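# Breakdown of the fold
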Amino acid sequence: MLVLLPPSEGKAATGEGAPLDLGSLVLPGLTGAREAVLDALVALCREDEGTALEVLGIGEGLRGELARNAELRTAAALPAGGLYTGVLYDNLGLAELAPSARARAEESIVVFSGLWGVVRITDRIPPYRCSGGTKLPRLGGLAAHWRKPMAAAMPELAGDGLVLDLRSSAYAALWKPTGEVASRTATVRVLHERVVNGVTKRSVVSHFNKATKGRLLRQLLESGAEPGSPAELVDALRDAKFTVETQAPTAGKPWALDVVVAEL
């Protein structure tokens with residue numbers, strides 16, 4: 001199983017070791033594309049702070065993020081699994097996993113990123129600020145930048161097993177499974193169900209979505225379940241007491257799973 005996660009805006013404040021080594025990251029064939037984004041981001045943050053704040057979509061209170069971006073090549077790095085924080089990662093709780101579950105996490109999880117493309121949770125990267133929807137002045141939109149190199153590289157990671165896609169839309173745009181890979185890919189949407197004035201309503205709520213995806217993945221890792229197809233994933237999630245609804249799959253398209261929750 002390959003698990004696709006989004007990054008998080010929340011990140012550790014500092015690294016804790018040697019600086020970035022681009023060649024050590026998963027899928028070294030993406031190194032050229034990574035270099036291009038890194039060069040454009042560093043140049044932006046060194047040359048024009050006003051423009052950088054606007055491009056990165058951050059306010060004056062986060063101006064310090066620009067200085068951090070400007071020094072990405074020499075800043076201390078740390079494993080991606082320790083870098084990302086936020087609701088999904090808090091509920092996944094990588095640091096608290098038992099050794100066997102942690103080993104499964106390291107083997108199966110990759111995190112998508114506007115800056116790095118994709119990294120394993122063991123890959124060492126420095127704290128940074130660059131969302132997937134960013135349009136860098138010297139490079140353009142990051143989704144468009146990553147689409148071709150990711151299309152060439154990602155099937156290698158996908159292998160011949162299940163692909164569990166838990167990404168948000170901004171990061172799903174970096175790579176869209178196609179063909180045979182798509183047919184064994186499952187995307188997950190979390191719906192919050194509640195009763196309002198006697199009427200049952202469902203909606204997508206960011207906090208429920210992120211928290212549930214983190215808990216769902218944690219339970220899969222801890223259970224030792226090894227689903228090899230979207231259908232087997234549905235069975236595993238239902239065994240873990242999640243309410244899962246499926247839409248009839250279309251040939252060459254990912255399975256779409258709805259996980260319905262009433263409370264966290």
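Residues numbered from 1 in each chain as written. Predicted model: local features only at pLDDT ≥ 70, side-chain atom pairs only at ≥ 80, totals over all residues. Heavy atoms only, no water.

The next thing to look at is the packing of aromatic side chains. Inspection of every chain in the model, using the stated rule, returns 3 aromatic pairs. Seen from their ring centres, Trp116 and Tyr128 are 5.8 Å apart, and the 85° between their planes marks the pair as edge-to-face. With Trp116 in the loop between β3 (109-113) and β4 (117-120) and Tyr128 in the loop between β5 (124-125) and β6 (135-136), this residue pair connects regions lying 12 residues apart in the sequence. Trp116 gets classed as buried once you look at its relative accessible area, which sits at 0%. The exposure class of Tyr128 is buried, given its relative accessible area of 2%. Grouping aromatic residues by their ring pairs yields a cluster made of Tyr84, Tyr89, Trp116 and Tyr128. Above the ring of Tyr128, the side-chain terminus of Lys11 is found at 4.7 Å from the ring centroid. (Phe/Tyr/Trp six-rings, centres within 6.5 Å; stacked < 30°, edge-to-face > 60°. Helix = DSSP H or I, 4+ residues; strand = E, 2+ residues; numbered from the N terminus. Buried < 20%, exposed > 50% of the residue type's maximum accessible area, 1.4 Å probe, protein only. Lys NZ or Arg CZ within 6 Å of the ring centre and 35° of its normal.)

Its location among the elements puts Leu136 in strand β6. Residue Leu136 is classed as buried on the basis of its relative accessible area, which comes to 2%. When the C-alpha atoms of Leu136 and Ala52 are compared, they prove to be 8.9 Å apart, with 84 residues separating the residues in sequence. Contact partners of Leu136, with chain neighbours within four places excluded, come to Val37, Ala40, Leu41, Leu44, Val55 and Leu142. (Contact = heavy atoms within 4.5 Å.)

Turning to helix α6 (residues 99-108), a few remarks are in order. Considered for burial, the residues of α6 that qualify are Ala101, Ala105 and Ser108. The arc enclosing the buried residues of α6, seen along the axis, measures out at 85°, which places them on a common side. Projecting away from the buried face of α6 at angles above 90 degrees are the exposed residues Pro99 and Glu107. Contacts from the buried residues of α6 go to β1 (2-5), β3 and α10 (206-223). (Arc of directions from axis to C-beta.)

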